[in-house]
Amino acid sequence: MKIAVSGKGGVGKTLIAGGLAYSLVSRGIKTVAIDADPSPNLALTLGLPIEEARQILPISENKELIESKTGTGYAGVFRLSFTVDDIVRDFSVITPFGVNLIVMGTVQSMGSGCTCPANAVIRALLRHLIVERNEAIIMDMEAGIEHIGRGTAQHVDLMLIVADANMKSLETAHSIYKLANQAGIRQIFLVGNKIRKSLEEKTIESFADKNSIKVLDFVPYDQTILDAEMQGETPLRHKNSVAICAIERICDKLVAMAKNN
Ligand SMILES: Nc1ncnc2c1ncn2[C@@H]1O[C@H](COP(=O)(O)OP(=O)(O)O)[C@@H](O)[C@H]1O
Ligand SMILES: [Mg+2]
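Residue numbers here run from 1 along each chain, matching the order of that chain's written sequence. All chains are assigned letters beginning at A, and all ligands numbers beginning at 1, according to the order in which they are written. pLDDT decides what is reported in this predicted model: residues at 70 or higher carry local features, side-chain atom pairs at 80 or more are listed and counted, and totals for whole chains, interfaces and linings draw on all residues regardless.

Some remarks on the overall build of the protein
For the protein, the count of helices and strands is ten helices and eight strands. Just to be clear, the radius of gyration here is over C-alpha atoms, and the globule rule we use is 2.2 Å times residues to the power 0.38. Taking 261 residues into account, the globule formula puts the C-alpha radius of gyration at 18 Å, and the protein, at 18 Å, falls close to it. Residues are called buried when their C-beta atom has 20 or more other C-beta atoms within 10 Å, exposed when it has 12 or fewer, and partly exposed otherwise; all C-beta atoms are positioned from the backbone. Looking at the protein as a whole, 46% of its 261 residues qualify as buried. A fraction of 75% describes how many contacts in the protein between residues 6 or more apart in sequence connect residues 24 or more apart. Each helix corresponds to a stretch of at least 4 residues labelled H or I by DSSP, and each strand to a stretch of at least 2 residues labelled E; elements are numbered beginning at the N terminus. Whether two residues are in contact depends on their C-beta atoms, placed from the backbone: they are in contact if these lie within 7 Å.

Written out as structure tokens, the structure is:
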């Protein structure tokens, strides 16, 4: 099961990605969570104390690692072929709920033609995690899909695009939908988050209908989530909160879909 979670900043990607990863692990499914957001904070949601989260050096910023993988000793010339399974072994962090976390860091946009070594390492690592390994993958990513190179996108089973009832987040969702479609991601669903009233659900549903996007589910607005995060705690411990229950239900649906595929 290889799942990408995308959407505009602040819509709830990290909560949903973290919640799904936790839910998969609770079902006995080995899971790697990938933080591919340039300002990563999935570690906190996965229950790591703030001091430990701060210590994580994103792969793209680990100069020593990048150099050891791609360096040739000649300036401007770098290797394109290197091992990455050892990176998963050595640089993933095991979080309190049992989810393995890898923090990727920033990737330059594909259009910029950047071929810098950090991009090469991240792309190869993602390809390895998505195409070659058996663990379930939940990837928390920014609105762009730069991290996923061509050739890898087809192997992402499913993308969830998170949006709230705000037209800006829905517009961003639509742009992501088009990009993900072009890149060859096979199943793409919208998840409506922070729902306070039925009008919000209806707004999201009608936007999705108009743009031929399928809605997978809705997650209610939940003060428990905000209260937990205000204290610097992971909201995922609140198993009975309405938002976490909804994420659990989404996980049920994803597992059922994976079984039918
Ligand atoms: N269902 C929800 N109910 C209430 N607050 C939420 C909900 N989902 C997310 N939030 C809050 O919204 C903010 C942004 O969520 P986050 O998951 O960090 O978004 P993103 O990763 O998309 O930027 C956080 O403060 C989070 O606690
Ligand atoms: Mg986030």
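Thoughts on the packing of helix α1 (residues 13-26) against helix α10 (residues 242-260)
The geometry of α1 relative to α10 is characterised by a closest axis approach of 9 Å and an angle of 65° between their N-to-C directions. Helix-helix and strand crossings are classified by hand; for α1 and α10 the assignment is right-handed. Contacts between α1 and α10 involve Ile16, Gly19, Leu20, Ser23 and Leu24 from the first element and Ile244, Ile247, Glu248, Ile250 and Cys251 from the second. When grouped by side-chain class, the residues that make up the contact of α1 with α10 number seven nonpolar, two polar and one charged. To define axes, lines are fitted to C-alpha atoms, for helices over the stretch in contact only, and angles between the resulting N-to-C directions are given on a 0 to 180 degree scale. What makes a crossing left-handed is the near helix being turned counterclockwise from the far one by less than a right angle; a clockwise turn instead makes it right-handed. In this count, Pro and Cys sit with the nonpolar residues alongside Ala, Val, Leu, Ile, Met, Phe, Trp and Tyr, while Asp, Glu, Lys and Arg are called charged and the others, Gly among them, polar.

Observations regarding unusual backbone geometry
With a phi angle near 60°, lysine 194 is a residue other than glycine that sits in the positive phi range. When you line up the elements, lysine 194 lands in strand β7 (residues 187-195). Even without glycine at this site, serine 212 takes up a positive phi of about 55°. Relative to the assigned elements, serine 212 resides in the loop between α8 (198-210) and β8 (214-220). Judged by the 7 C-beta atoms lying within 10 Å of it, serine 212 falls in the exposed class.

Quick notes on the site of ligand 1
Around ligand 1, 17 residues are found, and the nearest of them are Gly12, Lys13, Thr14, Leu15 and Ala243. Counting residues per element, the ones that place at least two in the shell around ligand 1 are α1, β7 and α9 (223-230). In the shell around ligand 1, the residues fall into seven nonpolar, six polar and four charged. To decide nearness, the C-beta atom of each residue is placed from the backbone, and the residue is near a molecule or strand if that atom lies within 6 Å of it.

What about the environment of threonine 83?
Structurally, the position occupied by threonine 83 is in the loop between α4 (63-70) and α5 (85-91). The class for threonine 83 is exposed, based on 9 C-beta atoms found within 10 Å. Sequence-wise, threonine 83 and leucine 20 are 63 residues apart; in three dimensions their C-alpha atoms are separated by 29 Å.

Thoughts on the packing of α4 against helix α6 (residues 117-132)
Contact pair α4 / α6: the axes reach a minimum separation of 10 Å and the direction vectors enclose 80°. Our classification of the angle between α4 and α6 gives roughly perpendicular. Listed contacts from α6 to Ile66, Lys69 and Thr70 of α4 are Pro117, Ala118, Ala120 and Val121. When its residues are assigned to classes, the contact of α4 with α6 shows five nonpolar, one polar and one charged. What sets the label is the angle itself: under 35 degrees gives roughly parallel, over 145 gives roughly antiparallel, 65 to 115 gives roughly perpendicular, and the rest give oblique.

Concerning the sheet that holds strand β5 (residues 136-141)
In this scheme, strands are said to pair when DSSP sees at least two bridges between them. Spatial ordering of the open sheet is given by β3-β4-β2-β5-β1-β6-β7-β8, a layout of eight strands whose pairing is mixed. Of all the strands in the sheet, just β3 (93-94) and β8 have a single pairing partner and so form its edges. Bridge count between β7 and β8: five bridges; the pairing is parallel. Note that in β8 the partner of leucine 190 across the bridge is valine 215. Against the sheet, α1 touches β1 (2-7), β2 (31-36), β5, β6 (158-163), β7 and β8, its axis set at about 170° to β5. Contacting β1, β6 and β7, helix α7 (residues 167-183) runs over the sheet at an angle of about 165° to β6.

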